Amino acid sequence: MRPETEAELAETVAGLNGPVRIVGGSTRGVFGEGQELCTTGLRGIELYEPGALTLVAKAGTPVAEIEAALAAEGQRLAFEPMDHRGLLGTRGEPTIGGVVAANVSGPRRVQAGACRDFLLGVRYVDGTGQIVKNGGRVMKNVTGYDLVKLMAGSWGTLGLLSEVSLKVLPQSEAETTLAVRVPDVERAVQVSSVGLGSPFEVTGAAYDPAAGQALLRIEGFADWVDYRTGRLGALLAEHGDVERVGESGAVWRAIRDVEMFHGTTGDVWRISVTPKEAPGIAARAEAEKLLFDWGGGLIWALVPEGADLRARLGAFDGHATLVRASEETRASLGMFQPEPPALAALSNGLRQRFDPRGLFNPGLMG
Amino acid sequence: MEMPKPDPGVLARKAKLVERLLKVLPKDAVIHDEAETRVYECDALTAYKCAPMLAVLPSSTQEVSEVLRICHAAGVPVVPRGAGTSLAGGALPTADSVILGVARMNEVLETDYENRIIRVQSGRTNLSVTGAVEEEEFFYAPDPSSQLACAIAGNIAMNSGGAHCLKYGVTTNNLLGVTMVLMDGTVVEIGGAYLDAGGLDLLGVICGSEGQLGVVTEATLRILRKPEGARPVLMGFDDNEVAGQCVSDIIKSGILPVAIEFMDRLCIQACENFAGAGYPDCEALLIVEVEGSEAEIDSQLAKIIEIARRHNPVELRESQSEEESARIWLGRKSAFGAMGQINDYMCLDGTIPVSALPMVLRRIGELSDEYGLPVGNVFHAGDGNMHPLILFDANKPGDLEKCEAFGAEILKLCVDAGGCLTGEHGVGIEKRDLMLHQYGRADLEAQMAVKDVFDPAWLLNPAKVFPLEVSEARRAARMAAE
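Residues numbered from 1 in each chain as written. Chains lettered and ligands numbered in written order. Predicted model: local features only at pLDDT ≥ 70, side-chain atom pairs only at ≥ 80, totals over all residues. Heavy atoms only, no water.

Caption draft 1: Molecular detail of the packing of aromatic side chains. Counted according to the given criterion, the structure contains twelve aromatic pairs over all chains. Each ring, one from Tyr113(B) and one from Phe138(B), has its centre 5.2 Å from the other, and the planes form 50°; the classification is tilted. On the criterion of sequence distance, the pair formed by Tyr113(B) in the loop between strand E5 (108–112) and strand E6 (117–121) and Phe138(B) in strand E7 (residues 138–139) is long-range, its members being 25 residues apart. We classify Phe138(B) as buried; its relative accessible area is 5%. Centre to centre, the rings of Phe139(B) and Tyr168(B) are 5.3 Å apart; their planes meet at 80°, and the pair counts as edge-to-face. You can see Phe139(B) sitting in strand E7 and its partner Tyr168(B) sitting in helix H7 (residues 165–168), a full 29 residues away along the chain. An aromatic cluster of three or more residues is present, and its members are Tyr145(A), Trp458(B) and Phe466(B). It is Lys303(B) that lies over the ring of Phe221(A); its NZ or CZ is 4.1 Å from the centre. Between Lys451(B) and the ring centre of Trp458(B), over which it is positioned, the NZ or CZ distance is 5.1 Å. (Phe/Tyr/Trp six-rings, centres within 6.5 Å; stacked < 30°, edge-to-face > 60°. Helix = DSSP H or I, 4+ residues; strand = E, 2+ residues; numbered from the N terminus. Buried < 20%, exposed > 50% of the residue type's maximum accessible area, 1.4 Å probe, protein only. Lys NZ or Arg CZ within 6 Å of the ring centre and 35° of its normal.)

Have a look at this one:
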């Protein structure tokens, strides 16, 4: 099923008599029962006003098309959405609807915010085939409940996105990365905290244990990037040898897309955690490979197939998502961290109200 | 503004309710004397008043939970209240309701600079959150004009913004976790000191839900390191539209100022008389502020001034000292107070796409002539969040009604221009009946479905946000169930 208009999409949903698996470009590894319902027929940028920092696009529009349009005006999606294809071994063209549905953000999330923070409005079709809109195309909007946030990261389980409206930001003129040699993750988190707690607006703070370097990114106008890197470098010097990486675009793309895990075997988990707790959590993960982003607040862990990472971690402040695994492992462990009963009741209640027939990606989130 | 009729059944149970509440709260935390409940008869939208049946002032999450459990069992509506600074009537009671004030819960529970968070009780005021961390050069970014008085609870309920959210975002972008009590007394913890809470983004829908989904008692907030410095520049223009064009050009240039504020002649004069900020005598004034080191500020302001010069400004002045910057901002932040000295006023809060600014300002001027009521415009131009202030005389019969009708026209104009009814104040009762201009019934059904899940009996702040006729069936079901 591949409807080409929102009206067709609504009709299709209304006529469904069994579950569907919602896909855009099929790049983010959504699994589950049912027929595929594909959104790539809904394609195109509907409105782009660089002077208002706003872009509205149909959900099936390729991310590449949007990024190209923004680049032509010197702007970008500031939340730096990850491309899952390398990690998951998927093909296809990532869509903006997929980015929003999975609330996909990259390294800059730590400073600029997540995808959900840049989402201004949505149109979607609920589980009864009803078209619903929420939010709009303006940056400040508190008119009624914010279903926009609720839809971001709901993985299609509350509704099928047909259109999204995003806040965009100017590209930066220059970028420099400071690489600080550190012996372990404790020290890496410390260095990141110094950077992120400085007035120099660090827009990326990652640590690759294999390289033994904490990486801190500074972006902006060329003259101030120079000044800030100088000041920050001096601040970090007491923590380890500091090296300046000039053209670091590829370095951050690699972190964004978790390139060091590409082509590996084993399961990949994504753990959101309080940065200070990252060293302890990472130790408990007993992972084959680790990558730290968001100043320690995001841990990527590669573990042997079928390992129950959540059992290894025990209770902690945060959550672990199973990003890459066999269907069996995902079915047995679940993609998302189980919620405490009171929250699970609210989430289930919402799913029942938005999708009363349980059509959209059933079981994916709970 | 119509409010539901008080439920006589609830009123009849007042004595019993007081008795039960006194079992879980200290005596001074249950206010039921008619003279004392009047303190809670309105918030900052003072045109509408109604004393609640009683008010409670719990001191802990546990006490909030007990209160809500009791009210839930008794089928009594509860209106949560932060500091009572809502401009939309968000904390306006009904005569059969219990006001639940969080003012006594104002402690800082944890500051953690390494993880860049602060955890506070929700009754703490916005400015005192920054106050708790500024020793270490940190701050809490959302800065509503009422920040000296307004509580974090209300900020979360209304998803409050402020002048500096062009760069730092609004409350929802700076909120990491909450402890919240549901209407039946259940305590839930959502999110925490980490980014992006797991599961569905419940935090996202709670923020801005106007106290209709639960009572937030504690919040984990993101704190940021203060920039090295900040400096505003004043730009005067002899035409509103030109000022609007200048805003758009600045944004397009790739510079992201931390704030771009706009004032028209009426507001400029009122603020100048009030704060003596040295505002120029002109039709439209922009305050553009940038942050960074001295050199960074110089280079950004040079770029901004170069753009402004292309629009033939009548005045271009960089602040020369911290004292002058403070005066410039004092003028802007006292705009509502300054206008209040001239006359009674109604403050609107519609948001429009920045590109529609000239058209909307022109049309507001025309409407002002038609209605015979003056309007001052002061707003966050960078993000299109307007604050037209309509002046009227509350003592003149018919003037309030005329003002309301005029206000409604302006808000509809904002929606028709591609914007929305409210950018940061919330719907409350004020914009409740205009919701169908922005949203269809199905859109409102989807929002009300969220309330059905969190508060199935529709007891929390029930007569707000949704037009009464739209929410009537749900509210009536509650009454029938009693």
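Picking up after the structure, the text goes on.
Caption draft 2: Inspection of the pattern of salt bridges at higher detail. Counted according to the given criterion, the structure contains 52 salt bridges over all chains. For Arg363(B), the salt bridge is made with Glu366(B), and the minimal N-O distance between the two is 2.8 Å. Of the two residues, Arg363(B) and Glu366(B) are both situated in helix H14 (residues 357–371); the distance of three residues between them amounts to about one turn of the helix. When its relative accessible area of 39% is taken as the criterion, Glu366(B) is described as partly exposed. For Asp433(B), the salt bridge identified is with Arg432(B), shortest N-O distance 3.3 Å. Among the residues examined, Asp433(B) registers a relative accessible area of 44% and is labelled partly exposed. Several salt bridges converge on common partners, so that one network encompasses Arg76(A), Glu80(A), Arg108(A), Arg217(A) and Glu219(A). (Salt bridge = Lys/Arg side-chain N within 4 Å of Asp/Glu carboxyl O.)

Caption draft 3: Here's a closer look at the environment of Arg474(B). Its location among the elements puts Arg474(B) in helix H18 (residues 468–481). Considered as a pair, Arg474(B) and Ala457(B) are 17 residues apart in the sequence and their alpha carbons are 7.9 Å apart. In this structure, Arg474(B) is in contact with Arg353(A), Glu445(B), Met448(B), Ala449(B), Asp452(B) and Trp458(B), ignoring residues within four places of it in sequence. In this structure the side chain of Arg474(B) is engaged in a polar contact, spanning 3.1 Å, whose partner is the side chain of Glu445(B). (Contact = heavy atoms within 4.5 Å. Polar contact = N/O pair within 3.5 Å; in protein donor to acceptor, adjacent residues only side chain to side chain.)

Caption draft 4: The interface of chain B and chain A, seen in detail. With 92 residues of chain B at the contact, the number on the chain A side is 73 residues. Both sides together, the interface formed by chain B and chain A hides about 6,500 Å², and carbon and sulfur atoms give 58% of it. Run the count over chain B and chain A and you get nine salt bridges. Residue Lys133(A) pairs with Asp443(B) through a salt bridge whose shortest N-O separation is 3.1 Å. One can count 29 residue pairs in polar contact (both at pLDDT 80 or more) joining chain B with chain A. Contributing elements (two or more residues each) for the side of chain B that touches chain A: H7, strand E9 (187–191), helix H8 (202–206), helix H9 (240–252), helix H11 (294–309), helix H16 (435–438) and helix H17 (441–454) of chain B. Element by element, the count of residues in the side of chain B that touches chain A is highest for H17(B), at ten residues. Broken down by class, the residue content of the side of chain B that touches chain A amounts to 38 nonpolar, 33 polar and 21 charged. (Buried area = accessible area lost by both parts, 1.4 Å probe. Nonpolar A, V, L, I, M, F, W, Y, C, P; charged D, E, K, R; others polar.)

Caption draft 5: View of the pairing of strand E10 (residues 215–222) of chain B. Residue and element names in this part refer to chain B. A large share of E10 lies buried, amounting to eight of its eight residues. With five bridges connecting them, E6 and E10 associate as antiparallel partners. Among the inter-strand pairings, Gln121 is bridged to a residue of E10, identified as Glu218. Across six bridges, the pairing between strand E8 (residues 175–181) and E10 is antiparallel. What sits directly across from Val181, in E10, is Val215. (Pairing = 2+ DSSP bridges.)

Caption draft 6: Summary view of the pairing of strand E15 (residues 289–293) of chain A. All names here are of chain A. Of the strand pairs in this sheet, E15 and strand E16 (residues 298–303) are connected by five bridges, and their pairing is antiparallel. Across the sheet, Leu290 pairs through a bridge with Ala301, a residue of E16. In textbook terms, the turn of a hairpin is the stretch between consecutive antiparallel strands, and for E15 and E16 this stretch comprises four residues, one of which, Trp294, has a positive phi near 50°.

Caption draft 7: Quick peek at the sheet that holds strand E2 (residues 54–56) of chain B. Residues and elements named next belong to chain B. Taking strand neighbours across the sheet as the criterion, the four strands line up as E1-E2-E4-E3 in an open arrangement whose pairing is mixed. This sheet does not close on itself; its edge strands, each paired only once, are strand E1 (30–31) and strand E3 (78–81). Bridge count for E2 against strand E4 (residues 98–101) is three bridges, and the pairing is parallel. Each bridged residue has a counterpart across the sheet, and for Ala55 the counterpart in E4 is Ile99. Contacting E1, E2 and E4, helix H2 (residues 14–24) runs over the sheet at an angle of about 10° to E2. Across the sheet, helix H4 (residues 61–74) touches E2, E3 and E4, and the angle it forms with E4 is around 165°. (Axes fitted to C-alpha atoms, helices over the stretch in contact; angles between N-to-C directions.)

Caption draft 8: Spatial organisation of H11(B). Relative to the 22 Å expected for 16 residues at 1.5 Å per residue, H11(B) spans 22 Å between its end C-alpha atoms, a close match to the ideal helical length. Of all the positions in H11(B), only Glu296(B), Ile297(B), Ser299(B), Gln300(B), Leu301(B), Ile304(B), Ile305(B), Ile307(B) and Ala308(B) are classed as buried. Structurally, H11(B) contributes buried residues whose contacts are with helix H9 (222–236) of chain A together with strand E12 (230–237), H9, strand E14 (284–291) and strand E15 (315–318) of chain B. (Expected span 1.5 Å × (residues − 1).)

Caption draft 9: Just the domain arrangement of chain A, in detail. All names here are of chain A. Under the domain assignment, chain A is made up of domain 1 (6–170), domain 2 (174–256) and domain 3 (259–333). Here domain 1 and domain 3 have C-alpha centroids that lie 26 Å from each other. In this assembly, eleven residues from domain 1 lie in contact with ten residues from domain 3. Buried area between domain 1 and domain 3, summed over both chains or domains, comes out near 1,000 Å², and the portion from carbon and sulfur atoms is 67%. On the domain 1 side of the interface with domain 3, the three residues burying the most area are Phe31, Leu87 and Leu88, jointly 50% of the side's total. On the surface where domain 1 and domain 3 come into contact, there are zero salt bridges. Put simply, domain 1 and domain 3 have four residue pairs in polar contact (both at pLDDT 80 or more) between them. Elements with a minimum of two residues in the side of domain 1 that touches domain 3: helix H3 (85–88) and helix H5 (109–112). At three residues, H3 tops the list of elements feeding residues into the side of domain 1 that touches domain 3. Each residue belonging to the side of domain 1 that touches domain 3 can be placed in one class, and the counts come to six nonpolar, four polar and one charged. (Domains from an automatic or database assignment.)

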